[in-house]
Amino acid sequence: FNMVTRSGTNQRHGGVMYNGTFGALADARNFDTTLRTQLLAAVPARALAANPNIEPNADTQKMYDVGAWIAGPVVKDRLWFAGTWHDQRLDSYKLGSYNPDGTPVLDDNIMWTTTAKATWQATRSAQLSYFHNLQYKLIGHRGGGTFADGRARNYNDKYPTVNQVKYTSPIGTKLVVDATYSRFRADDAFGSRPEVKPGDIATNDTTTQTSEVALPTYRAIDMHRDQVRTSVSWFQGRHDVKVGYE
């Protein structure tokens, strides 16, 4: 696939968007007494004993998606800019995910993304651009098993980043040359919850299938990728041919 990012024009443009739901708008209970009994039968006895009033429902606490963008000229006919900001949040309680005391474990998710691009008209026909994409993603209570307390889960956050330089120029009236270099980097950290203190020991009860205190292990994954892509497109009447190397 090919994605064309916003470059900006000689006029400044921008926009905002929002959609979301929360509270009573996001919550619904669409099961009868029979189904509720079946759902409760899958809850560990320890959690049910601690909280006999467990409600086996997937409650969405909040969910929203908000963004904004602006683009325009830096130097008219020569240099343009474009930038975007995007923020998403989803907090919910998952069916069957409980602390040993019977309280539900929050499934909290945050993701925001920013982009910035500068485009320079190097010659009458050739363009050089730089694109930067920075994202932050957090899953506050990841993994750890279905019946685990909030501490016995991963605090998973990452900052995937993309930097790209692109050069495009026609050669004559029938050829277009395109060359791109990009670098992707992400540190994917599966760390401990803030409540876990040095010396805390992970426990797992195989009888009640519950995990507490902490996870046995944590890890971090460092990833990066460098990519070079070149192509030449040839246009002839109603036909075109494109060849390249990546």
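Residues numbered from 1 in each chain as written. Predicted model: local features only at pLDDT ≥ 70, side-chain atom pairs only at ≥ 80, totals over all residues. Heavy atoms only, no water.

### Some remarks on the overall build of the protein
No. 1: Per the secondary structure count, the protein includes 2 helices and 12 strands.
No. 2: Secondary structure elements of the protein, listed N to C terminal, follow the sequence β-α-α-β-β-β-β-β-β-β-β-β-β-β.
No. 3: Taking 246 residues into account, the globule formula puts the C-alpha radius of gyration at 18 Å, and the protein, at 26 Å, lies well above it.
No. 4: Going through the 246 residues of the protein one by one, you find that 30% of them count as buried. (Helix = DSSP H or I, 4+ residues; strand = E, 2+ residues; numbered from the N terminus. Rg over C-alpha atoms; globule rule 2.2 N^0.38 Å. Buried < 20%, exposed > 50% of the residue type's maximum accessible area, 1.4 Å probe, protein only.)

### A look at unusual backbone geometry
No. 1: Here D77, not a glycine, exhibits a phi torsion of approximately 70 degrees, which is positive.
No. 2: Counting through the fold element by element, D77 comes out in the loop between β2 (59-75) and β3 (79-98).
No. 3: A relative accessible area of 46% means that D77 is categorised as partly exposed.
No. 4: Backbone geometry at V213 places phi at a positive 75 degrees, although glycine is not the residue there.
No. 5: Mapped onto the elements of the fold, V213 is located in the loop between β10 (210-212) and β11 (219-236).
No. 6: Note on V213: relative accessible area 18%, which makes it buried.

### Section: the packing of aromatic side chains
No. 1: Inspection of the entire model under this criterion finds 2 aromatic pairs.
No. 2: A network of ring pairs unites the aromatic residues W112, Y136 and Y159 as a single cluster.
No. 3: The ring centre of W69 lies 3.7 Å from the NZ or CZ of R6, which sits over that ring.
No. 4: The cationic tip of R219 hangs over the ring face of F190; the distance from NZ or CZ to the ring centre is 4.5 Å. (Phe/Tyr/Trp six-rings, centres within 6.5 Å; stacked < 30°, edge-to-face > 60°. Lys NZ or Arg CZ within 6 Å of the ring centre and 35° of its normal.)

### Concerning the pattern of salt bridges
No. 1: Under the criterion given, the structure shown has 10 salt bridges.
No. 2: D107 is paired through a salt bridge with K94; the nearest N and O atoms lie 3.7 Å apart. One end of the pair, D107, is in strand β4 (residues 104-121); the other, K94, is in strand β3, and 13 residues separate them in sequence.
No. 3: Notably, a salt bridge pairs K158 with D188, separated by 3.3 Å at the nearest N-O pair. Residue K158 is found in strand β6 (residues 154-158), and its partner D188 is found in strand β8 (residues 175-192); the two are separated by 30 residues along the sequence.
No. 4: For D188, a relative accessible area of 11% puts it in the buried group. (Salt bridge = Lys/Arg side-chain N within 4 Å of Asp/Glu carboxyl O.)

### Remarks on the confidence of the model for the protein
Keep in mind that low pLDDT regions are not for reading the predicted coordinates in detail.
No. 1: Chain-level pLDDT for the protein is 90 on average; 98% of the residues reach the 70-or-more range.
No. 2: Looking at the elements of the protein, mean pLDDT is at its lowest for helix α2 (residues 45-50), recorded as 80, and at its highest for strand β7 (residues 161-171), recorded as 96. (pLDDT = per-residue confidence, 0-100.)

### Regarding a nonpolar patch on the surface
No. 1: On the surface, W120, L128, Y130, V165 and Y167 cluster together into a nonpolar patch covering about 440 Å² of accessible area.
No. 2: Put simply, the parts of the chain that give the nonpolar patch at least two residues each are β5 (127-142) and β7.
No. 3: Along the chain, the position of Y167 falls in strand β7.
No. 4: Overall, Y167 belongs to the partly exposed group, its relative accessible area being 36%. (Patch = residues over 30% accessible without salt bridge, like charges linked within 9 Å, V, L, I, M, F, W, Y side chains within 5 Å. Areas by Shrake-Rupley, 256 points an atom, 1.4 Å probe, with all protein chains shown as cover.)

### What about the side chain of N154?
No. 1: For N154, the location among the structural elements is in strand β6.
No. 2: At 3.4 Å, the side chain of N154 forms a polar contact with the backbone oxygen of G191.
No. 3: Beyond its immediate sequence surroundings of up to four residues, N154 is in contact with I139, G140, H141, R142, F190, G191, R193, L215 and Y218. (Polar contact = N/O pair within 3.5 Å; in protein donor to acceptor, adjacent residues only side chain to side chain. Contact = heavy atoms within 4.5 Å.)

### Observations regarding the pairing of β6
The two faces of a sheet get side chains in turn, since along a regular strand they alternate between them.
No. 1: Burial of β6 is one-sided: the residues N154, N156 and K158 facing one way are buried, the residues Y155 and D157 facing the other way are not.
No. 2: Bridging between β6 and β8 involves 4 bridges; their strand directions are antiparallel. When the sheet's bridge partners are listed, D157 is paired in β8 with A189. (Pairing = 2+ DSSP bridges.)

### Section: the environment of G8
No. 1: Within the secondary structure, G8 is located in the segment before β1 (13-22).
No. 2: Along the backbone, G8 and Q164 are 156 residues apart, and their C-alpha atoms lie at a distance of 17 Å.
No. 3: With residues up to four places along the chain from it excluded, the contact list for G8 reads A71, G72, W80, F81 and A82.

### Examining the environment of L35
No. 1: Looking at the element boundaries, L35 is found in helix α1 (residues 33-41).
No. 2: In this structure the C-alpha to C-alpha distance between L35 and P198, which are 163 residues apart in sequence, comes to 42 Å.

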